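Given next are the chains, with one letter for each unit.
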Amino acid sequence: MSGKAGRKADEGGGRSRPPTVLRTHFIMTSFEEAETEETVTCLHMTFYHPCQEEKMMFRCLNFCRREKVRADEMAKFGRDSSICHYNLMDTRVSRIQFSLQFYRKLNSSEFCFEIKNMSKKTKLIVDQKELGYLNKIDLPSKCIICFGDYQILAQIQEGESMDYFETRLDLAEVPILQDRRLPSMQPIQENGISSSLFPSQGKSPIEIDENESC
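Here the structure is a predicted model, which means the values were calculated and not measured.

**Some details on the nonpolar core**
Residues M45, F98, L100, I115, L139 and I145 are the most contacted members of the largest nonpolar core, which totals 33 residues. Those elements that provide at least two residues to this core are β1 (42–48), β3 (74–78), β5 (98–104), β6 (111–117), β7 (124–126), β10 (142–147), β11 (150–157) and β12 (164–171). Of all the elements, β11 adds the most residues to this core, at 4 residues. Setting aside chain neighbours within four positions, we find M45 in contact with F77, F98, L100, I145, I152, L153, R168, L169 and D170. If you look at the next biggest cluster of nonpolar residues, it comprises 5 residues, including I144, C146, L153 and L177.

This is the structure we're talking about:
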């Protein structure tokens, strides 16, 4: 009797081991996948306009969710929905107001964004730096973008993927900038000199010669 009982105990013990081994293997595989999973650069942008509740110029933007964008695509913001994925429903906004280009720095693993003003009508202010038409500059990791009455807080969350990046848009209920007058969205005279309310500091924007419509 004792021999049979021992054999049964051994057989029962043999049956109980494989699930334990499988569970251990599953945990290790999941851990390895979590370690090797590639992170994605995410651009967080929080929008504000004083008349957003009345005029609903942000109604075509997808707030509170992440969207994937191919690394070789240019993110465009403006009035023309046939050109701009990020559509601002405002007649005072240019067909293309500004664009963002994702790129990797030379001899570096760091990914950045380059912002370019695509509007002939309105100056673009990026952290107190004034960009005229076709001026471009590296987007700081955290900055405030302004044009007319629009205020955008931009924050970059670094990632590793070279194939695509993500955007996350949010809506602010209160002004991002307090008690600061911004340049109005008025056409600039050809012979007029526009003085910035925010004097440029540090690195100057790059002016490029391109024949692009606004």
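**Description of the layout of surface pockets**
Computed from the structure, the second largest pocket encloses a volume of approximately 160 Å³. Along its surface, the second largest pocket is lined by K105, E110, F111, C112, D138, L139, P140, S141, I156 and E158. Here the lining of the second largest pocket is composed, by residue class, of 5 nonpolar, 1 polar and 4 charged.

**Thoughts on the pattern of salt bridges**
If you walk through the whole model with that rule in mind, you get 8 salt bridges. Here E67 and R65 are joined by a salt bridge, their closest N and O atoms 3.7 Å apart. With its nearest N and O atoms 3.5 Å apart, the salt bridge here joins D90 to R92. Under the relative-accessibility criterion, D90 is labelled buried at 9%.

**What about the packing of aromatic side chains?**
In total, this model carries 13 aromatic pairs according to the counting rule given. Look at F102 and F165: their rings are 5.0 Å apart centre to centre, the planes differ by 35 degrees, and that puts the pair in the tilted class. With F102 in strand β5 and F165 in strand β12, this residue pair connects regions lying 63 residues apart in the sequence. Across this residue pair, the class does not change: F102 and F165 are buried. Site record: aromatic cluster; members linked through ring pairs are F47, F58, F63, F77, Y86, F98, F147 and Y150.

**As for the pairing of β12**
Bridge count between β1 and β12: 6 bridges; the pairing is parallel. Note on β12: the bridge partner recorded for F47 is L171.

**Remarks on unusual backbone geometry**
Trans is the common state for peptide bonds, and a negative phi is the common state for residues other than glycine. The backbone of D127 sits at a positive phi, close to 50 degrees, despite the residue not being glycine. Tracing the sequence through the fold places D127 in the loop between β7 and β8 (129–131). D127 gets classed as partly exposed once you look at its relative accessible area, which sits at 32%. Look at Q128: it is not a glycine, yet its phi comes out positive at around 70 degrees. For Q128, the location among the structural elements is in the loop between β7 and β8.

**Remarks on the sheet that holds β11**
Here 7 strands make up an open sheet; going across it, the order is β2-β12-β1-β11-β10-β7-β8 and the pairing mixed. Two strands in the sheet have a free side with no partner beyond their single neighbour: β2 (66–70) and β8. Neighbouring strand axes in the sheet, compared pairwise and without regard to direction, differ in orientation by 25 degrees on average.

**Re the side chain of D90**
In this structure, D90 sits in the loop between β4 (86–87) and β5. A distance of 2.7 Å separates the side chain of D90 from the side chain of Y150, its partner in a polar contact. With near-sequence residues (within four places) excluded, D90 lies in contact with H49, M57, R79 and Y150.

Here is what the cut-offs are and how they apply
Residues numbered from 1 in each chain as written. Predicted model: local features only at pLDDT ≥ 70, side-chain atom pairs only at ≥ 80, totals over all residues. Heavy atoms only, no water. Core = buried A, V, L, I, M, F, W, Y, C linked by side-chain atoms within 4.5 Å. Buried < 20%, exposed > 50% of the residue type's maximum accessible area, 1.4 Å probe, protein only. Helix = DSSP H or I, 4+ residues; strand = E, 2+ residues; numbered from the N terminus. Contact = heavy atoms within 4.5 Å. 1 Å grid on protein atoms, 1.4 Å probe; cavity = no way out; pocket = protein on both sides within 12 Å on 5 of 7 lines; lining within 4 Å. Points joined across faces, edges and corners; volume = space filled by probe spheres on them. Nonpolar A, V, L, I, M, F, W, Y, C, P; charged D, E, K, R; others polar. Salt bridge = Lys/Arg side-chain N within 4 Å of Asp/Glu carboxyl O. Phe/Tyr/Trp six-rings, centres within 6.5 Å; stacked < 30°, edge-to-face > 60°. Pairing = 2+ DSSP bridges. Axes fitted to C-alpha atoms, helices over the stretch in contact; angles between N-to-C directions. Polar contact = N/O pair within 3.5 Å; in protein donor to acceptor, adjacent residues only side chain to side chain.

Function-wise, these values are silent; they only describe arrangement.
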